[in-house]
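# Tertiary structure, described
Listed here are the chains, written in short residue letters.
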Amino acid sequence: MNALNSLLDGFGTALSPLNLLWAALGVLLGTAIGVLPGIGPAMAVALLLPVTYGLDPVAAFIMFAGIYYGAMFGGSTTSILLNTPGESAAVVAAMEGNPMAKSGRGAQALAAAAIGHFAGGMVGTVLLVALAPTVADLAVDIGAPDYFAIMVLAFISVTSVLGSSRIRGLASLLIGLTIGLVGLDQMTGQQRLTFGSLQLADGIDVVIVAVGLFAIGEALWVAAHLRRRPAEPIPVGRPWLGRDDVRRTWRSWLRGPFIGFPFGAIPAGGAEIPTFLSYVTEKRLSKHKDEWGKGAIEGVAGPESAASASAAGTLVSMLTLGLPTTAVAAVMLAAFQQYGIQPGPLLFEHEPELVWGLIASLFVGMVLLLALNLPLAPVWAKLLRIPRPYLYAGIMFFAAVGAYAVGGEVVDLVTLLVIGLVGFGMRRYGLPILPAVIGVILGPNAEQQLRRALQISDGSVTGLVNTPFAVTVYAVIALLLAWPLVRRQVNRRRTRTAA
């Protein structure tokens, strides 16, 4: 009851005309910046951090919340329309959203993503209010073996359902893990795969890898085929979801938050893992399996809902423990410190107006996001009518700007081009892009957690399975690996019986 009363007070703060204006401005700026390839929520918040120096903390963080959710939606927009994720959490949206757009259903994909963000954000924020203390306790108790098990689950899940074969999926994952090795060893400081370059000692930023593999690789692939296949105008289609679309997606919208929220609250990769797991779940449960890879709307609705709920989950650890679980949370933690505020267990007592105003603004931001972006779905979808030479030239320009903004080094542009050529080669030989991005994002962290778990157990392999949580996750992994074999045997027996 105290939480409910505090939330009502928070709505009183968030719904003041000035704070409502900051929330709307944050949503618009976040969406506009998120639409640009290579510039995701973390970079958007970081770039706009100086703008908020003159604001009071409550207004600043209400604006940050709007930027966060707006940039997440903007990232899914470029994923769907241009096959170019604006941020890593939007990678999965490209898998089904881009084929939908190419078949004239771009507006439907954007509408499914917008409503998915709304549903996931609403459910996630309700869970944030109700379950923050419990989830925080669980996050404290999870150790290195559990983190490593979760990441192995992500690796196996994404390589087993993507691409024309598991071998190609594993090859793509290996490419990503290799790119993730570039830089200094986090535990020993030894240089790895830097070829003596000091600029590579910090590693290759995930933004550069994602933009190179998706944006540059896609642009080069399209350029290589422009003369073979003359460009044709792509129809936009109806701007709203039909009855059949809603019937297929409403369960996905509701399932996504319960996958995304727990993963957002623990330091296990932010929104990346739950979006992949949501994609796998929706594919397993779908009654339209022949549409997957060609534009299944459930493959957009579920992962986008999970990503939005994960964003709410990241605030649990940050507000209650001062533990940032994503890049955006890390930037927001820096903003808290800029105002002389230290997130932690006492934050709810010392800064109740700020905390509950921020939580209430999440509800407000979700409504604003839906109200502002759902009508704009056909406008965004018309981007596909731009002639492809101009469109992909613009993508390469903004991709280069986004990559250069990461570190301000010329070597970033060279790295972007090299990774773009790798992405082109992967398309040429049928390797899926997603496992490579997963390997880059989670590979270094997985290695660190593996080494920590082995150090704790004095090198014993049993240290990886010494918790009930880890054992449960490995059991799920075993089921994922065994299921195709079991299904093949069942189909053979059915065929023999029928014969």
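Going by what an unreviewed UniProt entry lists, the protein chain is known as Tripartite tricarboxylate transporter permease and is assigned to Streptomyces griseicoloratus.

## Section: the overall build of the protein chain
A tally of helices and strands in the protein chain yields 19 helices and two strands. Counting the 499 residues in the protein chain, one finds 55% classified as buried. Total accessible area on the protein chain stands at roughly 21300 Å², and carbon and sulfur atoms take up 66% of it.

## Examining the nonpolar core
Ranked by size, the top nonpolar core spans 126 residues in total, and within it F61, I80, L213, L319 and F336 carry the most contacts. Counting residues per element, this core draws most heavily on helix α4 (residues 57-82), at 16 residues. If we ignore the near neighbours within four places in the chain, the residues touching F336 are F61, M318, L319, I341, P343, L347 and L354.

## A look at the side chain of T125
Within the secondary structure, T125 sits in helix α5 (residues 93-141). Classification of T125 as buried rests on a relative accessible area of 0%. Here the side chain of T125 touches G121 through a polar contact of 2.6 Å, landing on its backbone oxygen. When sequence neighbours within four positions are dropped, the list of residues in contact with T125 reads Y69, A312, I359, L362 and F363.

## Let's talk about the environment of L153
Structurally, L153 can be placed in helix α6 (residues 144-161). A relative accessible area of 11% places L153 in the buried class. Sequence separation between L153 and I477 is 324 residues, and the spatial gap between their C-alpha atoms is 5.8 Å. The residues touching L153, leaving out its near neighbours within four places in the chain, are L277, V473, V476, I477 and L480.

## Quick look at the pattern of salt bridges
Evaluated as defined, the whole model comprises four salt bridges. For R248, the salt bridge is made with E298, and the minimal N-O distance between the two is 2.8 Å. Of this pair, R248 sits in helix α9 (residues 243-265) while E298 sits in helix α11 (residues 298-321), placing them 50 residues apart in sequence. R255 serves as the salt-bridge partner of E282, at 2.9 Å between the closest nitrogen and oxygen. Placement of the pair is E282 in helix α10 (residues 272-285) and R255 in helix α9, with a sequence separation of 27 residues.

## Overview of the packing of helix α7 (residues 166-181) against helix α18 (residues 434-456)
Viewed as axis vectors pointing N to C, α7 and α18 meet at an angle of 50 degrees, and their least axial separation amounts to 7 Å. Relative to α18, the element α7 is oriented oblique. Along this stretch, α7 crosses α18, giving a crossing that reads as right-handed. The segment α7 lies against α18, with G169, S172, L173, G176, L177, I179, G180 and L181 engaging P435, A436, G439, V440, G443, P444 and E447. Each residue belonging to the contact of α7 with α18 can be placed in one class, and the counts come to eight nonpolar, six polar and one charged.

## Let's talk about the side chain of Q448
Here Q448 shows up in helix α18. Residue classification places Q448 among the buried residues on the basis of a relative accessible area of 18%. Here Q448 is in contact with Q186 and M187, once residues within four sequence places are set aside.

## Remarks on the environment of L241
Within the secondary structure, L241 is located in the loop between α8 (206-225) and α9. Separated by 133 residues in sequence, L241 and Q108 place their C-alpha atoms 5.6 Å apart. Here L241 is in contact with Q108, A111, A112, I115, V246, W253 and I297, once residues within four sequence places are set aside.

## Concerning α4
For α4, spanning 26 residues, the distance from its first C-alpha to its last is 36 Å, which sits close to the expected 38 Å at 1.5 Å a residue. Counting buried residues along α4, 25 of its 26 residues qualify, which places the element largely inside the surrounding structure. Looking one or two places after α4, you find N83, whose phi comes out positive at around 60 degrees.

## Section: a nonpolar patch on the surface
On the surface, Y404, V410, L413, V414, V418 and V422 cluster together to form a nonpolar patch covering roughly 490 Å² of accessible area. Counting residues per element, the nonpolar patch draws most heavily on helix α17 (residues 410-428), at five residues. Along the chain, V414 turns up in helix α17. Residue class for V414 comes out partly exposed when judged on its relative accessible area of 49%.

## Points about the packing of α4 against helix α14 (residues 352-373)
Running from N to C, α4 and α14 point in directions that differ by 35 degrees, and their axes come no closer than 8 Å. Read as a crossing pair, α4 and α14 show a hand that is right-handed. Counted together, P57, V58, F61, I62, A65, Y69, G70 and F73 of α4 and E353, L354, G357, L358, S361, L362, M366, L369 and N373 of α14 form the full contact between these two elements. For the contact of α4 with α14, the residue count by class is 12 nonpolar, four polar and one charged.

## As for the packing of aromatic side chains
In this description, a pair of aromatic rings is defined by centroid distance and the angle of the planes. This structure, assessed with the given rule, holds one aromatic pair. Relative to F424, the ring of W221 has its centre 5.8 Å away and its plane inclined at 55 degrees; by these criteria the two rings are tilted. One end of the pair, W221, is in helix α8; the other, F424, is in helix α17, and 203 residues separate them in sequence. Here R428 stacks its cationic end above the ring of Y429, 5.0 Å away from the centre of that ring.

## Quick look at the environment of L20
Among the secondary structure elements, L20 is positioned in helix α2 (residues 17-35). Along the backbone, L20 and L368 are 348 residues apart, and their C-alpha atoms lie at a distance of 9.5 Å.

About the cut-offs
- Residues numbered from 1 in each chain as written.
- Predicted model: local features only at pLDDT ≥ 70, side-chain atom pairs only at ≥ 80, totals over all residues.
- Heavy atoms only, no water.
- Helix = DSSP H or I, 4+ residues; strand = E, 2+ residues; numbered from the N terminus.
- Buried < 20%, exposed > 50% of the residue type's maximum accessible area, 1.4 Å probe, protein only.
- Areas by Shrake-Rupley, 256 points an atom, 1.4 Å probe, with all protein chains shown as cover.
- Core = buried A, V, L, I, M, F, W, Y, C linked by side-chain atoms within 4.5 Å.
- Contact = heavy atoms within 4.5 Å.
- Polar contact = N/O pair within 3.5 Å; in protein donor to acceptor, adjacent residues only side chain to side chain.
- Salt bridge = Lys/Arg side-chain N within 4 Å of Asp/Glu carboxyl O.
- Axes fitted to C-alpha atoms, helices over the stretch in contact; angles between N-to-C directions.
- Parallel < 35°, antiparallel > 145°, perpendicular 65-115°, else oblique.
- Left-handed = near helix turned anticlockwise from the far one by under 90°.
- Nonpolar A, V, L, I, M, F, W, Y, C, P; charged D, E, K, R; others polar.
- Expected span 1.5 Å × (residues − 1).
- Patch = residues over 30% accessible without salt bridge, like charges linked within 9 Å, V, L, I, M, F, W, Y side chains within 5 Å.
- Phe/Tyr/Trp six-rings, centres within 6.5 Å; stacked < 30°, edge-to-face > 60°.
- Lys NZ or Arg CZ within 6 Å of the ring centre and 35° of its normal.

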